[in-house]
Amino acid sequence: MPRSPARSRRAVAMSVSHSSRLNKLVREQYVRLPQDGLVQVTYVWIDGSGEGVRCKSRTLDKEPKSIEDVPEWNFDGSSTAQAEGSNSDMFLVPVRMFRDPFCLDPNKLVLCEVLKYNRKPAETNLRHTCKKIMDLVKDSHPWFGMEQEYTLLGINGHPYGWPDNGFPGPQGPYYCGVGADKVYGRDIVESHYKACLYAGVKICGTNAEVMPSQWEFQVGPCEGIEMGDHLWMARFILHRVCEDFGVVATLDPKPMTGNWNGAGCHTNYSTEEMRREGGLKHIEAAIEKLSKRHDYHICVYDPRGGRDNSRRLTGHHETSNIFEFSAGVANRGASIRIPRQVGQDGYGYFEDRRPAANCDPYAVTEAIMRTTVLNETGVETKDYADH
């Protein structure tokens, strides 16, 4: 029997959060109130999972003009899986500032590193070492662009827009699709895009992906440490936008088993010499170095040492096999793809298709630099503390 309209409305209501059904127009009257020169600053950091983001806000007496104007703060690390209750204070060290698309100007979003009580980086503060590596290789001017795939879920954990007791039609019509029967949640995607533009995040595109309710946005080009900073803030803004709409964005690399695409974070990369005429030989040399360090990269390309990616990198659904390294021109089934235009021009960039959607961009970009510029080999990393 066909489902009644009332039952359909109840099913949709159950798939979004209670908070999303509050009257947003009421909130608007408070957002627009004058602040008399005071500024709300929201501190954002990566929690003990290495995947989640947390935030809290404070008032400053005037608008900060640079990151140096934002003071350090602290939080209870025992509530974020980053410390024990007996010694729980953690430091928040501001590193990059953005405009706040939720509370609007002059308010700010501030990305922070997390330090422990002894001022050493927290275990999931991978930015600390990434920054050191990026400083070492700055003369190579590394550019990155990362393609963040994600899947929209209802609050019940089921892909948003999918039938309650079944599956949508097979993959094919959904990638870059248009139409109510092909895409789900475009309002969320476009709101996220605008929010990132307002914030100053270097978002450069978006599209619907192969699996229904799966989307992608791209951030870049970013140089050095900027890549991780901008992608993490884009992720925070995505989660906040989804909160307003009452749905969940998951970065799980394989949210649905079966004949459905997984979710990656393809990483496009080049150095200055790769971008010059004749740069293809430098691209090929970098790929050769990566081929000899495949196991190391797989271990750092998801937060669980490759276990998450093992569900995604099967050699099917536009992925390579996790146990084998491969490269090719325009080959989306390879570990490394050289775009066809780059092959024709003889210079440009290449794409590492192995990073999982839930990767830490600091870990990914650091690993690429260690291998391709600092010429590290094997599974161990070198300590450059004395440099």
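The structure displayed is predicted, hence computed values, not measured ones.

1. Observations regarding unusual backbone geometry
Right, on to step 1. Between Asp105 and the following residue, Pro106, the backbone shows a cis peptide bond with an omega angle of 5°.
Right, on to step 2. Among the structural elements, Pro106 can be located in the loop between strand 4 (89-99) and strand 5 (108-115).
Right, on to step 3. Cis geometry marks the peptide bond from Gly220 to Pro221, where omega comes out at -5°.
Right, on to step 4. With respect to the helices and strands, the residue Pro221 is situated in strand 8 (residues 214-223).
Right, on to step 5. Although it is not a glycine, Ser213 adopts a positive phi angle of roughly 80°.
Right, on to step 6. Inspection of the secondary structure assignment puts Ser213 in the loop between strand 7 (203-208) and strand 8.
Right, on to step 7. For Ser213, a relative accessible area of 3% translates into the label buried.

2. Digging into the pattern of salt bridges
Side chains carrying opposite charge are able to pair once their charged atoms draw close together.
Right, on to step 1. For the coordinates displayed, the defined rule picks out 27 salt bridges.
Right, on to step 2. What you see here is one network of salt bridges that share partners, running through Glu51, Asp252, Arg304, Asp308 and Arg311.

3. Re a nonpolar patch on the surface
Right, on to step 1. On the surface, Val26, Tyr30 and Leu33 cluster together to form a nonpolar patch covering roughly 300 Å² of accessible area.
Right, on to step 2. When you line up the elements, Tyr30 lands in helix 2 (residues 24-31).

Conventions used here
Residues numbered from 1 in each chain as written. Predicted model: local features only at pLDDT ≥ 70, side-chain atom pairs only at ≥ 80, totals over all residues. Heavy atoms only, no water. Helix = DSSP H or I, 4+ residues; strand = E, 2+ residues; numbered from the N terminus. Buried < 20%, exposed > 50% of the residue type's maximum accessible area, 1.4 Å probe, protein only. Salt bridge = Lys/Arg side-chain N within 4 Å of Asp/Glu carboxyl O. Patch = residues over 30% accessible without salt bridge, like charges linked within 9 Å, V, L, I, M, F, W, Y side chains within 5 Å. Areas by Shrake-Rupley, 256 points an atom, 1.4 Å probe, with all protein chains shown as cover.

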